[in-house]
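Given next are the chains, with one letter for each unit.
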Amino acid sequence: MTVVQAFRTALFDEVRAGATTTIDLSNVTFLGVGGLRALVEAREWAAQHDCRLHLVASPVVWRMLEIIGKAGDFNR
């Protein structure tokens, strides 16, 4: 299992488990395309299922989300 697969599995396990999930990426210094895709997909799944995804993230993560136009989709 790759790091991205493990991250995606853990992320979706948490999002599916409750109405509100906080994801803490405050110490992340690099986030690749796979990690970004997992975050965006988890956010979309949460929105479709009336769940809330709260993101605590480092400036690097926020910048990557801004670049792809998705920063505004996440609760800070």
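Residues numbered from 1 in each chain as written. Predicted model: local features only at pLDDT ≥ 70, side-chain atom pairs only at ≥ 80, totals over all residues. Heavy atoms only, no water.

Here the focus is the overall build of the chain. Helices and strands together make up the secondary structure of the chain, namely three helices and two strands. Secondary structure of the chain in N-to-C order comes out as α-β-α-β-α. When each of the 76 residues of the chain is scored for burial, the buried share is 32%. Across the chain, the fraction of contacts at a sequence separation of at least 24, relative to all contacts at a separation of at least 6, is 66%. With the model as given, the accessible surface of the chain reaches about 4700 Å², and the carbon-plus-sulfur share is 52%. (Helix = DSSP H or I, 4+ residues; strand = E, 2+ residues; numbered from the N terminus. Buried < 20%, exposed > 50% of the residue type's maximum accessible area, 1.4 Å probe, protein only. Contact = heavy atoms within 4.5 Å. Areas by Shrake-Rupley, 256 points an atom, 1.4 Å probe, with all protein chains shown as cover.)

With that settled, consider the side chain of Thr21. Counting through the fold element by element, Thr21 comes out in strand β1 (residues 20-25). At 3.1 Å, the side chain of Thr21 and the backbone oxygen of Glu14 are in polar contact. Not counting chain neighbours up to four residues away, the residues in contact with Thr21 comprise Glu14, Val15, Arg52, Leu53 and His54. (Polar contact = N/O pair within 3.5 Å; in protein donor to acceptor, adjacent residues only side chain to side chain.)

Following the criterion strictly, the structure yields three salt bridges and no others. The salt bridge involving Glu41 is made with Arg8; its shortest N-O contact spans 2.7 Å. In this pair, Glu41 is assigned in helix α2 (residues 33-48) and Arg8 in helix α1 (residues 3-17), connecting sequence segments 33 residues apart. Take Glu41: its relative accessible area is 27%, and that puts it in the partly exposed class. Residue Glu66 pairs with Arg63 through a salt bridge whose shortest N-O separation is 3.6 Å. Taken as a pair, Glu66 and Arg63 lie in helix α3 (residues 59-67) at a separation of three residues, close to a single helical turn. (Salt bridge = Lys/Arg side-chain N within 4 Å of Asp/Glu carboxyl O.)

Before going further, it helps to examine the environment of Asp24. Relative to the helices and strands, Asp24 resides in strand β1. Asp24 sits in the exposed class, given a relative accessible area of 53%. Separated by 34 residues in sequence, Asp24 and Ser58 place their C-alpha atoms 8.8 Å apart. Side-chain polar atoms of Asp24 contact the side chain of Ser26, separated by 2.6 Å.

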